[in-house]
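Analysis of the macromolecular model
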Amino acid sequence: MSNSMIEIAGLVKKFDTITAVAGISFSVKKGEVLGFLGPNGAGKSTTMKMIAGYLLPTAGSITLCGYDVLRNPIAAQSQTGYLPEGAPAYGDMTPRQFLNFIAQVRGYDGKRRQSAISSAVARTQLEQVLDQPIETLSKGFKRRVGFAQAILHDPPVLIMDEPTDGLDPNQKFAVRRLISNMAEDKAIIISTHILEEVDAVCTRAIIIDRGKIVADGTPQDLAARSRYHNSVTVHIGPDHAAAARAKLKKVEGVKEVHEKPLSQGVMSFTLFPRDGKRLINKVTELLGGEHWDVSSLIAEGGRLDEVFRDCTTSDAKPAAIDRSAGKQASKKARAK
Amino acid sequence: MREMKAVFQREFQGYFVTPLAYVFIVVFLFSTGIFTFYVGGFFELGRAELQAFFVFHPWLYLFLIPAIAMRLWAEERKTGTLELLLTLPIPIWAAVVGKYLAAWAFAGMALALTFPIWLTVNVLGNPDNGVIVASYVGSLLMAGGYLAIGSAISATTSNQVVAFVVSVVVCFLFMVSGLPLVLDFFSGWAPQFLIDTIASLSFLTHFDAVRKGVIDMRDLVFFAALISFWLFVNIVLVDARRAG
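Residues numbered from 1 in each chain as written. Chains lettered and ligands numbered in written order. Predicted model: local features only at pLDDT ≥ 70, side-chain atom pairs only at ≥ 80, totals over all residues. Heavy atoms only, no water.

Looking at the domain arrangement of chain A
Applied cut-off: The split into domains, and so the bounds of each, comes from an automatic or database assignment of domains.
Looking at chain A, the domain boundaries give domain 1 (4-224 + 306-335) and domain 2 (232-299). Centre-to-centre separation of domain 1 of chain A and domain 2 of chain A, based on C-alpha positions: 42 Å.

Listed below in structure tokens is the structure:
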């Protein structure tokens, strides 16, 4: 048996005439944290809802820890922790009552129930709000209640739809650390549109667009597709900017140089490499020989956000085209 | 069973964390009192029986039971907890039956709280307590029938008001299907067996039989079949949500 804990093959979901997910296949191994990226409406949540067993796929199969989600949903769901988008919870219950309900459903009794609940509470730092109704809690606490619910039974498969949405930077950091700590013996999928999160917690990222996978690799692999991959940015003081401009262009392997004026006459030069070759060595060589006023030197691995923009189509774009087309049409109509 | 018990407990407790339970119980007890003593003329009848009390139950339930049932699924859909509930390892039938039983237990509790009237009639005279017990059983079964309808209809919408109004209408049709109001519409063109079938679906007919102290197997089977049918519809409706 392979060590893939999540196996997805040919997953399709159609809503009436709209195809939300158009044939997605991938697998996630134990120890992997898969970041699921894509613009809004790309099919991220729909895919996660199908994996969790809420929506039924139009076609395709999902296997979690060897259990087919369609044929044996209860067995698959008992191996899975799921945090739905927006972390819904029964607002009139307190976190203690809510987690007690979840533990009861998942078959924890007596002492085991208490220890499962207290461990989930400790890991999500919910102690101070345990006896307040969930509907009165802040967004951050609500999210953590949902998180506690998902990890209560220490599931081998964890599916989380935007786990850090609405959290402050400290809470985000805490949640990411929690995910990283649990990652070793689990297969985890998180969806997000915060790209820094992918670098922070994911060992692998999949970008989907219009229901299809458009990129799949480690965050570093994906970033390497960016034109910023191995580029170098230097900030040089006003006295030497002109000299630097001439010499930087001639550095071996440089394809082009972009300039941007910063405050007080400082110039920022970004050197893009030819064929993605690393430039930093040549640039430091040059800088070592000159006595320029260098205030900053940055070598980049690549920019994930740029890759993201390149391989996804914003849902705003086609709408904008339609609108302008509509305007023209109405102008014509008025002219007549 | 374990999952069903968990759902049942959560749902039952849910009635008491909001004012709903208390408002419902107060309104229920007040209105049974008013109908029994003022409309039903309990004292004027001068008989040691509770017919004046039970005869209004179908009409009270018509509005009060959909008020209990409307939140069962509509609220879960509205707040998104349905997604949570259906992704927990709970079979759909267990979720449906657990929720239904919680609502039924709550209705039963409200009904049980009318016991002072039973004490009163025993203090004042010597009623046939067998008939009274039969009437309570019949009333509880009828509440179960209304609830099963209300629960299934609640699963079709995320709006509790819509669930309430539609439930009242459907319950009303089931209640009066034995009366000329409904039967006149069919008589003249529909075959007799259809008219008989429609008439036999009436809550009033079956409840009246039980209320008179005769617990007939046919009436029990009627309510059991009605509840099973609507719970089955409920399961199908909840499952249909998953197709998207």
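We are not done yet, so read on.
Some points on the sheet that holds strand 11 (residues 232-236) of chain A
All names here are of chain A. For the record, the criterion: Between any two strands, pairing holds if DSSP finds at least two bridges. We count a stretch as a helix when DSSP gives it H or I for four or more residues in a row; a strand needs E for two or more, and each element gets its number in order from the N terminus. Angles here are taken between N-to-C directions and fall from 0 to 180 degrees, while the axes themselves are lines fitted to C-alpha atoms, restricted in helices to the stretch in contact. Whether two residues are in contact is decided by their heavy atoms, any of which lying within 4.5 Å being enough.
Strands sit in the order 12-13-11-14 across an open sheet of four strands; the sheet is antiparallel. Strand pairing shows two members of the sheet lacking a second neighbour, strand 12 (254-261) and strand 14 (294-299), which therefore form its edges. Each strand axis lies, on average, 15° off the axis of its neighbour in the sheet, ignoring direction. When strand 11 meets strand 13 (residues 267-273), the two strands line up antiparallel, connected through five bridges. If you follow Ile 236 over to strand 13, its bridge partner there is Met 267. The strands touched by helix 9 (residues 241-249) are strand 11, strand 12 and strand 13; relative to strand 13, the strand with the most contacts, the crossing angle is about 0°. Contacts from helix 10 (residues 280-289) reach strand 11, strand 13 and strand 14, with the element oriented near 165° to strand 14.

Thoughts on the environment of Gly276(A)
Residues and elements named next belong to chain A. With respect to the helices, strands and loops of the structure, Gly 276 is situated in the loop between strand 13 and helix 10. When the C-alpha atoms of Gly 276 and Ile 8 are compared, they prove to be 33 Å apart, with 268 residues separating the residues in sequence. Apart from residues no more than four positions distant in its own chain, Gly 276 is found in contact with His 229 and Asn 230.

Side note on the interface of chain B and chain A
Applicable threshold: Computed with a 1.4 Å rolling probe, the buried area is the accessible surface lost when two parts are put together, summed over both parts. A carboxyl oxygen of Asp or Glu within 4 Å of a side-chain nitrogen of Lys or Arg is what we treat as a salt bridge.
At the interface, 29 residues of chain B touch 26 residues of chain A. Between chain B and chain A lies a buried interface of about 2,600 Å² when both sides are counted; carbon and sulfur atoms form 62% of it. Ranking the residues of chain B by area buried against chain A places Arg10(B), Glu83(B) and Arg242(B) at the top, with a combined share of 27%. There are one salt bridge connecting chain B and chain A.

Some words on the pattern of salt bridges
All names here are of chain B. Selection rule: Relative accessible area decides the class of each residue, using a 1.4 Å probe on protein chains only: under 20% of the type maximum gives buried, over 50% gives exposed, and in between gives partly exposed.
Inspection of every chain in the model, using the stated rule, returns 23 salt bridges over all chains. The residue Asp 239 makes a salt bridge to Arg 242 at a minimum N-O spacing of 3.1 Å. By relative accessible area, Arg 242 is classed as buried at 12%. Look at the salt bridges and you will find they share partners, linking Arg 10, Glu 11, Arg 71, Glu 75, Glu 76 and Lys 99 into a network.

Brief notes about the packing of helix 10 (residues 129-154) of chain B against helix 14 (residues 203-211) of chain B
Residues and elements named next belong to chain B. Formally: Throughout this description, any angle smaller than 35 degrees is read as roughly parallel, any larger than 145 degrees as roughly antiparallel, any in the 65 to 115 degree range as roughly perpendicular, and the remainder as oblique. In this scheme the handedness of a crossing depends on how the near helix is turned from the far one: anticlockwise by less than a right angle means left-handed, clockwise means right-handed. Amino acids are sorted into nonpolar (Ala, Val, Leu, Ile, Met, Phe, Trp, Tyr, Cys and Pro), charged (Asp, Glu, Lys and Arg) and polar (every other residue, Gly among them).
Look at helix 10 against helix 14: their axes get within 8 Å of each other, and the N-to-C directions meet at 160°. With respect to helix 14, the element helix 10 is oriented roughly antiparallel. Crossing geometry of helix 10 relative to helix 14 is assigned as right-handed. Within the contact between the two elements, helix 10 uses Val 131, Ala 134, Ser 135, Gly 138, Ser 139, Met 142, Gly 145, Tyr 146 and Ile 149 and helix 14 uses Phe 203, Phe 207, Val 210 and Arg 211. Each residue belonging to the contact of helix 10 with helix 14 can be placed in one class, and the counts come to eight nonpolar, four polar and one charged.

Side note on the sheet that holds strand 4 (residues 59-64) of chain A
Residues and elements named next belong to chain A. In spatial order, the strands read 2-1-4-5; together these four strands make up an open sheet with antiparallel pairing. Two strands in the sheet have a free side with no partner beyond their single neighbour: strand 2 (18-29) and strand 5 (67-68). Both strand 1 (residues 4-15) and strand 2 contribute to a ladder of nine bridges, which runs antiparallel. When the bridges of strand 2 are listed, Ile 8 appears paired with Phe 26. Set on the sheet, helix 1 (residues 44-51) makes contact with strand 1, strand 2 and strand 4; between it and strand 1 the angle comes to about 120°.

Quick word on unusual backbone geometry
All names here are of chain A. Even without glycine at this site, Ala 87 takes up a positive phi of about 45°. Positionally, Ala 87 belongs in the loop between strand 6 (80-83) and helix 3 (95-105). Notably, Asp 154 is not glycine yet its phi reads approximately 45°, a positive angle. Summarising the element assignment, Asp 154 is placed in the loop between helix 5 (139-151) and strand 7 (157-161). The exposure class of Asp 154 is partly exposed, given its relative accessible area of 45%.

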